[in-house]
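Residue strings, one per chain:
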Amino acid sequence: MSSNRRDFLKKATAGAVGVAFTGGLTSLTAQSYSRVLGANDHINCAVIGVRSRAKAHVIAIHQDLNAKVLYSCDVDDTILEEHNVWCKKNIGYIPKVEKDFRKILEDKDVDAVFIATPEHWHAPMAILALQAGKHVYVEKPCSHNPYENNLLVAAQKKYGKKVQMGNQQRSAQTSINAIKDIKAGIIGNVYKGEAYYSNNRGSIGIGNKINIPNTLDWDLWQGPAPRKDYKDNIHPYNWHWFRSWGTGEIHNNGTHEIDICRWALGVDLPESVTSFGGKYTYKDDWEFVDNQQVTYKFADDKFITWTGHSRGIMKPKRPGRGITIYGSKGSIQLDRNFYKLFDLQGNSIKEELEKTASATTNTRGIGGLDVNHIGNFFDAIRKDKSLNSDIQDASISTMLCHLGNMAQDAGETLKIDSITGKVLNNEKAMKSWKREYQPGWEPKL
């Protein structure tokens, strides 16, 4: 390495985003820059929905020397103002500010949009961005309902731009290594994927109807969703637990681990889905179950389970989230930061750690995997490399989560068409296939 390049990397590493990684996360190494030093194509990005998760997007975009955050977009002026201060401190400049994302889509200088909005906006916004000729990085879940899931996949095929979903563990080198080892037979014939998530979320209370804050465009915030009154327990985070805008914990967090289980087992859509659970902890406006157990049965006697404890930490002692893959010769434990291999007796065989740690249970999830995943997205745009989570595959994991909610609502085991994902012989369950849209806002190709 030349002395000039070495000096540059030292300065870049020290001055870029290391200060933004707190709570035990290490600063990114110079190695993360090597991927982009030879890139010739500049990528202008717009980040939409900038309160929380978008911070991880901005940090990762900033690692690429030929990419820039051209726009920050949010429907809340207070959030935008806070984000401007954060950007100045953490990336050294303040991007252009826009409240209406449609104006950003009109700007031909924007190459890629990053969507970190409430979930009811994910697919409609991604489709509009594709129609405007933009590449799309969309947070999980990629859709609010199965209809949108299929529509987004069709839109990507029609408009031909890159679409990556933000299930960033697909870009974890330790997980990639584990999948290679599984395919090579390191734990024999794999048959079960166990996914779990544990948290202790408090009550969201009973909302009171109040005046809409003058900083918030409530109409645009609702967008494709039917109009509802503004209440004091919805914005900016608790929309996750309302069916009009959110999709519950199985989508909010289960998507990640269910996706890795599906990847490890080499399966797509299931033959049947069963869900047990309920809302046990608080009497409040939360509209989904807060504890849930879902089992997916696949061909060849393979199955995946997801255990979600939104409000009540799982015991005995377990990490806040993770995956265990079981095979005839052993098991593998994975999370965003490690790969652990065990024999059938539970003895540790080997362990690999990610070079840069990522947060696992907070709302930002900032870490090295974002840099890897967004770096892969940029490589796909510039060099037509394969996406680690292209929307055709990512939509299957999202569909599994939809089916988990549908099985819970139906109160019975659902038989699934493993080609289309549609529920067989159950009109009640299929009523959830598509939502009602605000007139004029339904996404279309």
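Structure's up top.
Residues numbered from 1 in each chain as written. Predicted model: local features only at pLDDT ≥ 70, side-chain atom pairs only at ≥ 80, totals over all residues. Heavy atoms only, no water.

Asks: Please provide a residue-by-residue account of the pattern of salt bridges, values included.
Replies: Where charged atoms of side chains with opposite charge meet at close range, the side chains can pair. Considering all chains together, one arrives at 27 salt bridges under this definition. In this structure, the salt-bridge partner of Arg-201 is Glu-249, at a minimum N-O distance of 2.7 Å. Here Arg-201, found in the loop between β7 (190-198) and α9 (218-222), pairs with Glu-249, found in helix α10 (residues 249-252); they are 48 residues apart in sequence, far enough to count as distant. Look at Arg-201 and you get buried, because its relative accessible area is 13%. Residue Asp-259 pairs with Arg-262 through a salt bridge whose shortest N-O separation is 4.0 Å. (Salt bridge = Lys/Arg side-chain N within 4 Å of Asp/Glu carboxyl O. Helix = DSSP H or I, 4+ residues; strand = E, 2+ residues; numbered from the N terminus. Buried < 20%, exposed > 50% of the residue type's maximum accessible area, 1.4 Å probe, protein only.)

Asks: Tell me about the side chain of Ser-275, and name the residues and values.
Replies: On the secondary structure map, Ser-275 appears in strand β8 (residues 272-278). In this structure the side chain of Ser-275 is engaged in a polar contact, spanning 2.9 Å, whose partner is the side chain of Gln-292. Of the polar contacts made by the side chain of Ser-275, one reaches the side chain of Gln-408; its length is 2.7 Å. Residues within four places of Ser-275 in sequence aside, it is in contact with Gln-292, Gln-293, Val-294, Gly-404, Ala-407 and Gln-408. (Polar contact = N/O pair within 3.5 Å; in protein donor to acceptor, adjacent residues only side chain to side chain. Contact = heavy atoms within 4.5 Å.)

Asks: Break down the pairing of strand β12 (residues 330-335) for me, with residues and values.
Replies: Counted residue by residue, β12 has 6 buried out of 6 residues, so it is predominantly covered. Residues Gly-330, Ile-332 and Leu-334 line one face of β12 and the alternating positions Ser-331, Gln-333 and Asp-335 line the opposite face, and both faces are buried. Pairing geometry for strand β11 (residues 321-327) and β12, over 5 bridges, is antiparallel. Across the sheet, Ile-325 pairs through a bridge with Ile-332, a residue of β12. In sequence, β11 turns back onto β12 through a hairpin of 2 residues. As paired elements, β12 and strand β13 (residues 338-343) share 6 bridges and run antiparallel to each other. Following the sheet pairing, Gln-333 is matched in β13 by Lys-340. What sits between β12 and β13 in their antiparallel hairpin is a turn of 2 residues. (Pairing = 2+ DSSP bridges.)

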